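Summary of structural features
What follows is the residue order along each chain.
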Amino acid sequence: MSDARPPLPPFTRETAARKVQAAEDAWNTRDPQKVALAYSEDSVWRNRGTFLTGRAAIVDFLTAKWAREHEYALRKDLWAHDGNRIAVRFQYESRDADGQWWRSYGNELWEFDERGLMTRREAGIDDVPIEAADRRIHGPRPETERGRSFPLE
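Residues numbered from 1 in each chain as written. Predicted model: local features only at pLDDT ≥ 70, side-chain atom pairs only at ≥ 80, totals over all residues. Heavy atoms only, no water.

1. Here's the deal with the overall build of the chain
As a reminder of what qualifies: Working definition: helices are DSSP H or I runs of at least four residues, strands are E runs of at least two. Numbering for both runs from the N terminus. Only protein chains enter the area calculation, which uses a 1.4 Å probe; residues under 20% of their type maximum are buried, those over 50% are exposed, and those in between are partly exposed. Any two residues having at least one pair of non-hydrogen atoms within 4.5 Å are treated as being in contact. For the accessible areas, the method is Shrake-Rupley and the probe is 1.4 Å, while residue cover comes only from the protein chains on display. In this count, Lys and Arg are taken as positive residues and Asp and Glu as negative ones, while His and the chain termini are left out. Here the site of a charge means atom NZ of a Lys, CZ of an Arg, CG of an Asp or CD of a Glu.
Looking only at helices and strands, the chain has three helices and six strands in total. Along the chain, helices and strands appear, N-terminal first, in the series α-α-β-β-α-β-β-β-β. Taking the principal axes of its C-alpha atoms as reference, the chain extends roughly 45 × 35 × 25 Å. Per-residue burial for the chain yields a buried fraction of 43% across its 153 residues. When contacts within the chain are restricted to residue pairs at least 6 apart in sequence, long-range pairs at least 24 apart make up 58% of them. Surface accessibility of the chain: about 8,100 Å² in total, with carbon and sulfur atoms responsible for 53%. Seen as two clouds, the 25 positive and the 27 negative side-chain charges of the chain have centres 2 Å apart.

2. With respect to the sheet that holds strand 2 (residues 50–53)
Filter applied, for reference: Paired strands, in this sense, are two strands between which DSSP finds at least two bridges. The convention used is that axes are lines fitted to C-alpha atoms, helices contributing only their stretch in contact, and that angles between N-to-C directions extend from 0 to 180 degrees.
Taken together, six strands build an open sheet; the order of strands is 2-1-6-5-4-3 and the sheet is mixed. Looking along the sheet, the strands with just one partner apiece sit at the ends: strand 2 and strand 3 (70–82). Pairs of neighbouring strands in the sheet enclose a mean axial angle of 20°, with direction left out of account. The pairing of strand 3 with strand 4 (residues 85–95) spans 10 bridges and is classified as antiparallel. Of the residues in strand 4, the one forming a bridge with Leu-78 is Val-88. Together, strand 1 (39–47), strand 3, strand 4, strand 5 (101–112) and strand 6 (118–130) form the strand contacts of helix 1 (residues 13–28), whose direction differs from that of strand 3 by roughly 165°. The strands that helix 3 (residues 55–68) touches are strand 1, strand 2, strand 3 and strand 4; relative to strand 1, the one it contacts most, it runs at about 50°.

3. Comments concerning helix 3
Cut-off, in case you're wondering: The span expected for a helix works out to 1.5 Å for each residue beyond the first. Throughout, the arc means that of the directions going from the helix axis to the C-beta atoms.
With 14 residues, helix 3 should reach 20 Å at 1.5 Å per residue; the first-to-last C-alpha distance of 20 Å fits that figure. Of the positions making up helix 3, those classed as buried are Arg-55, Ile-58, Val-59, Phe-61, Leu-62, Lys-65 and Trp-66. An end-on view of helix 3 places all buried positions within 165° of arc, on one side of the element. With respect to the buried face of helix 3, the exposed residues turned more than 90 degrees away are Ala-56, Asp-60 and Ala-67. Each element contacted by the buried residues of helix 3 is listed here: helix 1, helix 2 (32–36), strand 1, strand 2, strand 3 and strand 4.

And the structure:
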């Protein structure tokens, strides 16, 4: 299993939380190639109203996403876990080409194979315009905040 991505299922609360933090850290790099390595070659995604399959499609999707979502910064929190599945809530902030800041709220359902690669990702996301002064997510999560839940409002 040379392409294994620990921690592996079945997940405990601790290993599920580590998997969630690893995903947050990867997404905050805004590197589509790096992020895509966490997904199986045939991973199936629903992201809002977009449906895609496979790593190449994930890379294309993320490349386009981060081309339009400037200064993207994300927080993910473990919601629940069972066996090879993890439920996550998240928030991210980004600025569009016109300078409008957005906070996006979402929930994800993840399913993993025995190698710890995500085979399925279902994401529902809502966007709220915010003022720059209302931002609260500024880059990757500091070490001192790891493991703490992020406020919803």
